[in-house]
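Structural description and commentary
Chain residues, written in single-letter form:
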Amino acid sequence: MPPDERTLENLLFNLLKSGALNLDEGTKAVLRAPCGVVSDRGLPDGMEPHEPNCRHFDPASPEYGDDEFIITQLPPATAAEASTVCMVSGRMARIIVNTPDIGTAVPRPTPSTYCIKEAPGKGLGMYATRDIRAGELIVAERPLLIVPVSMYARRPYPSTVTKEQGLQVMMADTEREYEVMLEKMAPANRAAYMALANSHRFDGSGPILGVIRTNGFGDECMVDSGLGLSNETGGFSIICNDMSRMNHDCAHNTTRYFDMPSFSMQARAIRDIKIGDEITTNYCHTLEPFATRHEILARYDVKCTCALCTNPSESDPLLAQCDIVHGRAPPNFEKRNRAWFTDFSVPNSTDVKPLLSDLVAHIKTGQEASGGYAFTLFELMKTYAARGDIKNTRAYARKYAVWQLATNGKVITDQQIESAFGMTAVAEVVLRLRGKTKAKMANRTVKASK
Ligand SMILES: C[S@@+](CC[C@H](N)C(=O)[O-])C[C@H]1O[C@@H](n2cnc3c(N)ncnc32)[C@H](O)[C@@H]1O
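Rules and cut-offs
Residues numbered from 1 in each chain as written. Predicted model: local features only at pLDDT ≥ 70, side-chain atom pairs only at ≥ 80, totals over all residues. Heavy atoms only, no water. Buried < 20%, exposed > 50% of the residue type's maximum accessible area, 1.4 Å probe, protein only. Helix = DSSP H or I, 4+ residues; strand = E, 2+ residues; numbered from the N terminus. Pairing = 2+ DSSP bridges. Core = buried A, V, L, I, M, F, W, Y, C linked by side-chain atoms within 4.5 Å. Contact = heavy atoms within 4.5 Å. Near = heavy atom within 4 Å. Polar contact = N/O pair within 3.5 Å; in protein donor to acceptor, adjacent residues only side chain to side chain. Areas by Shrake-Rupley, 256 points an atom, 1.4 Å probe, with all protein chains shown as cover. Nonpolar A, V, L, I, M, F, W, Y, C, P; charged D, E, K, R; others polar.

As annotated in an unreviewed UniProt entry, the chain carries the name SET domain-containing protein and is attributed to Steccherinum ochraceum.

1. Section: the pairing of strand β4 (residues 84–89)
Among the six residues that make up β4, six are buried, leaving the element largely enclosed by the rest of the structure. Neither face of β4 is left uncovered, since the one carrying Thr84, Cys86 and Val88 and the one carrying Val85, Met87 and Ser89 both have all their residues buried. As paired strands, strand β3 (residues 69–74) and β4 are joined by six bridges and run antiparallel to one another. Residue pairing in the sheet places Phe69 in a bridge with Ser89 of β4. In this sheet, strand β8 (residues 145–148) lies alongside β4 in parallel orientation, the contact comprising two bridges.

2. Remarks on the nonpolar core
Of all hydrophobic cores here, the largest spans 59 residues; its most connected members are Leu145, Tyr193 and Met222. The element best represented in this core is helix α3 (residues 163–183), accounting for six residues. Aside from chain neighbours lying at most four places away, what touches Leu145 is Thr84, Val85, Met181, Leu182, Met185, Tyr193, Ile212, Ser237, Ile238 and Ile239. With 24 residues, the next largest nonpolar core counts Leu355, Leu377, Ala385 and Ala397 among its residues.

3. With respect to the site of the ligand
Taken together, 17 residues lie near the ligand, and Lys122, Leu124, Arg245, Asn247 and Tyr300 sit nearest. Side-chain polar atom of Asn247 to a nitrogen atom of the ligand: 2.8 Å apart, as the coordinates give it. One of the backbone nitrogen or oxygen atoms of Tyr300 is found 2.6 Å away from an oxygen atom of the ligand. When the ligand sits alone it has 570 Å² of accessible area, and the protein chains cover 89% of it. Looking at the shell around the ligand, the elements that each hand over two or more residues are β6 (123–128), α5 (207–215) and β11 (247–248). Looking at the shell around the ligand residue by residue, the classes come out as six nonpolar, eight polar and three charged.

4. Re unusual backbone geometry
Negative phi characterises most residues that are not glycine, and trans characterises most peptide bonds. A cis amide bond, omega -10°, links Leu74 with the succeeding residue Pro75. As for its position among the elements, Pro75 is in the loop between β3 and β4. Each neighbour pair has its own omega, and for Thr110 with Pro111 the value is -10°, a cis peptide bond. For Pro111, the position within the fold is in the loop between α2 (90–97) and β5 (114–119). For Phe263, which is not glycine, the phi torsion reads 45° and is therefore positive. Tracing the sequence through the fold places Phe263 in the loop between β12 (254–259) and β13 (264–269). One non-glycine residue, Phe421, lies in positive phi territory at about 55°. Under the relative-accessibility criterion, Phe421 is labelled partly exposed at 27%.

Below, the structure is given as structure tokens:
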């Protein structure tokens, strides 16, 4: 956990104990649950179980406050699809309900793409039942449950309560609220939910919270920053059925995102997947070095044995080459790739070699889902344009379009690809200029020889 979050935790916890936070007025105290085995479980002496007080609303009702957490079913029910049982702020509920085309049908790939079966050493897993092309939709699912990623203190704590006990109280109170939510689920969904994996059996999490912490996905479009929370603390955990069976791989072959109109979590292939391959996702930032990844994965009870983890001395430097997010890529990464912008000489300033080397590093380490991979494709497209190479300009525009589709479902039109986002025009100008330059040079040579 980063130090600033720890400070925030202590501050909130002290405020909570001093009674300075009046929770009844809607102030939210946010704490994250501990990981691993805790010795001090259950409610401390003198504290009784808390009665759930989260109100349940019909999504069509405007009666709830923006900063109030409510239990509701979203999106408003349609005949075709079951709704998701959600605990969201009133603000978030309104954002969802007012999304244009909310409640559109969840797309289903035909023929279907996967089955769920045993994954040796990992429990169950998802496997491809046919070849799947990069960019293709693999699965789209209405979640079973959506809840805030952070837990909220629902009552003031006596001054004798230690921080660890406080966390246990918060988890117990949260579990009680979730019990109410599960009662709202259709019986088949409740059974599916309770059958999901739980790697948090020994840290004081109740059974429902344990499943959330094992299987919950976050998404950037499901964040309520209106409560003064950051993207991290204001996010939501999205728990699906089949997608919860996707195991982690540091070189994962899918991307995932939440599609608000169909209110579905979706996964697409980020590279071609062969029939019989395991379909995998990521539980941590996969460009991080091996040691950091393993520390994070341990929280999910995952000891990753993927190709990158089995050979970190080879994979770590390659991952660092790709890591523009954490600034581990070479300092001149962006500059060297943009040299052609001010200097059109060929081939020095429009040299594609460094970019192709970055591309190979991404492909070798299976990091096609990363933003650095998309950046490299886009830079290659522009650099080929600056070289007047229309064929390769278009080829990289097409690869970039597939990346966009896979990462957020956004369809890039054929016209955009054909024009390579305006870059084929650049390539044509370069070709014309170069033609003129050649003609001028030829003229000069003729004049000089007279
Ligand atoms: C979200 S579930 C994934 C599906 C799970 N295998 C199941 O049977 O339902 C997460 C759990 O799967 C297991 N898991 C996921 N990825 C793994 C991996 N790469 N290696 C070993 N176990 C893994 C861990 O037990 C983890 O807590």
